[in-house]
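Residue-level listing of the chains:
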Amino acid sequence: MKLKIGEKIKELRYEKGLTQEEIGALIGVSAQSVSKWERGEGYPDIEMLPSLANYFGISIDELLGADADSKKYDEINALWAKNNKNGLHKENIILMKQALKTFPNDALLLVQLSTSLEKAGTTDEEKSEYLRESIAVQEQIIKYCDDCEVRGATMYNICFAYLKNGEREKALEQAKKLPNLYKGSENALVCILDGEEKRNTALSALTPLAWSVSHHMTALAQTTGDETYTLKAKRILEILYDCNNDSFIENLLTKYS
């Protein structure tokens, strides 16, 4: 994200009718330094920011131009969600690529780009091309993203992208790197937290647990031909739903009606 502090200083200086010399005198630098900031050829030292912000009567975030960027970021994500709902995936690819020029390597934008790429295309050839590009984006997220939750979700999703692309061995290799069911954040948090937080964590964990039960019991029914696994899955889901009336668990139960 490009800092716009020079543009902001210039804008505020004009509003107050001040010269570059007067701004420089305020914080102990030359007029030439202020001129460089306003031309985007450098930034004030971090120690100067509180004085400048206080003088102009704004927050440091506003001085840095972060508020405007935050608003723009929110607008971009809202438009992506709207386009995604309406099936405008090619439009979202263009939107995300443009947004990444302003917010380079932003994890959410990269995830949304990869999602749009996987959904785009009409012909088999076009879909395959977009899928390969999506995989490249996801590999970038896994390699460089510091957000553990985003990396973990991408490591999971890329397994199926590889599989759809006919790269079964890569899908298997990636799947084996994922943590097992025991190592989830909910399992750690419920041991650490107390009181209401502990209760809420335990309840929220029932939703992914229900999905796992349905997923694996269905796999057992399919691979063994034993339909009693389906009946057992239904009973377990009914118990989980009784504990947490989550709509996702309710939808899972409809599969066994």
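For the structure itself, look to the data block above.
What you see as residue numbers is a count from 1 along each chain, following the sequence as written. Reporting in this predicted model follows two pLDDT cut-offs: at least 70 for local features of residues, and 80 or more for side-chain atom pairs to be given and counted; totals over whole chains, interfaces and linings ignore these cut-offs and use all residues. The basis for every side-chain value is the complete set of non-hydrogen atoms in the structure, without hydrogens or water.

Undergrad: So what exactly am I meant to see when it comes to the pattern of salt bridges here?
TA: Where side chains of opposite charge bring their charged atoms close, a pairing between them can arise. The salt bridge definition used is simple: a Lys or Arg side-chain nitrogen within 4 Å of an Asp or Glu carboxyl oxygen. Summed over all chains, the structure comprises nine salt bridges. Among the ionic pairs, Glu133 bridges to Lys97, the shortest N-O distance being 2.8 Å. Placement of Glu133 in helix H9 (residues 124-144) and of Lys97 in helix H7 (residues 89-102) is noted, with a sequence separation of 36 residues between them. The shortest N-O distance in the salt bridge between Glu173 and Lys177 comes to 4.0 Å. Judged by its relative accessible area of 47%, Glu173 falls in the partly exposed class. In this text, helices come from DSSP runs of H or I with a minimum length of four residues, and strands from runs of E with a minimum of two, each type numbered from the N-terminal end. Throughout, exposure labels follow a simple rule: accessible area from a 1.4 Å probe, protein chains only, divided by the maximum for the residue type, with under 20% read as buried, over 50% as exposed, and the rest as partly exposed.

Undergrad: Got a minute to help me understand the environment of Glu169 in this structure?
TA: Topologically, Glu169 is positioned in helix H11 (residues 168-175). Here the alpha-carbon distance between Glu169 and Cys159, two residues 10 residues apart in the chain, equals 9.7 Å.

Undergrad: What is the right way to read the nonpolar core from this model?
TA: Nonpolar side chains in soluble globular proteins generally cluster together in the buried interior. Here, the term nonpolar core denotes a set of buried Ala, Val, Leu, Ile, Met, Phe, Trp, Tyr and Cys residues that are joined through side-chain atoms within 4.5 Å. With 20 residues, the main nonpolar core has Ile76, Met96, Leu109 and Leu113 as its most contacted residues. Taken together, the elements giving at least two residues each to this core come down to helix H6 (66-85), H7, helix H8 (107-119) and H9. Those residues in contact with Ile76, other than ones at most four positions away along the chain, are Leu95, Met96, Ala99, Phe103 and Leu109. In terms of nonpolar packing, the next biggest core, distinct from the first, is built from 16 residues, Leu18, Ile23, Trp37 and Met48 among them. Should any heavy atoms of two residues lie within 4.5 Å, those residues are considered in contact.

Undergrad: Hey, could you run me through unusual backbone geometry in this one?
TA: Most peptide bonds are trans, and most residues other than glycine sit at a negative phi. Although it is not a glycine, Asn105 adopts a positive phi angle of roughly 60 degrees. With respect to the helices, strands and loops of the structure, Asn105 is situated in the loop between H7 and H8.

Undergrad: What is the right way to look at the packing of helix H1 (residues 5-16) against helix H4 (residues 49-56) in this model?
TA: Angle between the axes and distance between the axes are the two parameters that describe a pair of packed helices. Helix axes are fitted to C-alpha atoms over the stretch in contact, other axes to C-alpha atoms as well, and angles between N-to-C directions run from 0 to 180 degrees. H4 packs onto H1 with a crossing angle of 35 degrees between their chain directions and a minimal axis gap of 11 Å. Handedness of the H1/H4 crossing: left-handed. On the side of H1, the interface is formed by Ile5, Ile9, Leu12, Arg13 and Lys16, while H4 contributes Leu49, Leu52, Tyr55 and Phe56. For this scheme, ten residues count as nonpolar: Ala, Val, Leu, Ile, Met, Phe, Trp, Tyr, Cys and Pro. Four count as charged, namely Asp, Glu, Lys and Arg, and the remainder, Gly too, count as polar. Grouping the amino acids of the contact of H1 with H4 by side-chain chemistry returns seven nonpolar, no polar and two charged. In this scheme, a crossing is called left-handed if the near helix is turned counterclockwise away from the far one by less than a right angle; it is called right-handed if the turn is clockwise.

Undergrad: Could you clarify how one ought to interpret the packing of helix H13 (residues 195-224) against helix H14 (residues 228-243) in this entry?
TA: Running from N to C, H13 and H14 point in directions that differ by 175 degrees, and their axes come no closer than 9 Å. Our classification of the angle between H13 and H14 gives roughly antiparallel. Between H13, through Leu203, Leu206, Leu209, Ala210, Val213, Ser214, Met217, Leu220, Ala221 and Thr224, and H14, the contact on the second element is made entirely by Tyr229, Thr230, Lys232, Ala233, Ile236, Leu237, Leu240 and Cys243. Note on terminology: angles under 35 degrees are roughly parallel, angles over 145 are roughly antiparallel, angles of 65 to 115 are roughly perpendicular, and the others are oblique.

Undergrad: How should the packing of aromatic side chains be read in this particular structure?
TA: Within a pair of aromatic rings, the relevant descriptors are the distance that separates the centres and the angle that separates the planes. Ring geometry is summarised as follows: Phe, Tyr and Trp rings, the Trp one being its six-membered ring, pair when their centres sit within 6.5 Å, and such pairs are stacked at plane angles under 30 degrees, edge-to-face over 60 and tilted between the two. Summed over all chains, the structure comprises three aromatic pairs. Between Tyr73 and Phe103 the ring centres are 5.1 Å apart and the planes differ by 70 degrees, which places this aromatic pair in the edge-to-face class. On the criterion of sequence distance, the pair formed by Tyr73 in helix H6 and Phe103 in the loop between H7 and H8 is long-range, its members being 30 residues apart. Distance and angle both matter: a charge sits over a ring if NZ of Lys or CZ of Arg is within 6 Å of the ring centre and within 35 degrees of the ring normal. Just above the ring of Tyr55 sits the side chain of Lys16; from NZ or CZ to the centre is 5.7 Å. Its guanidinium or amino end placed over the ring of Tyr229, Lys232 lies 5.4 Å from that ring's centre, counting from NZ or CZ.

These figures capture arrangement, not role.
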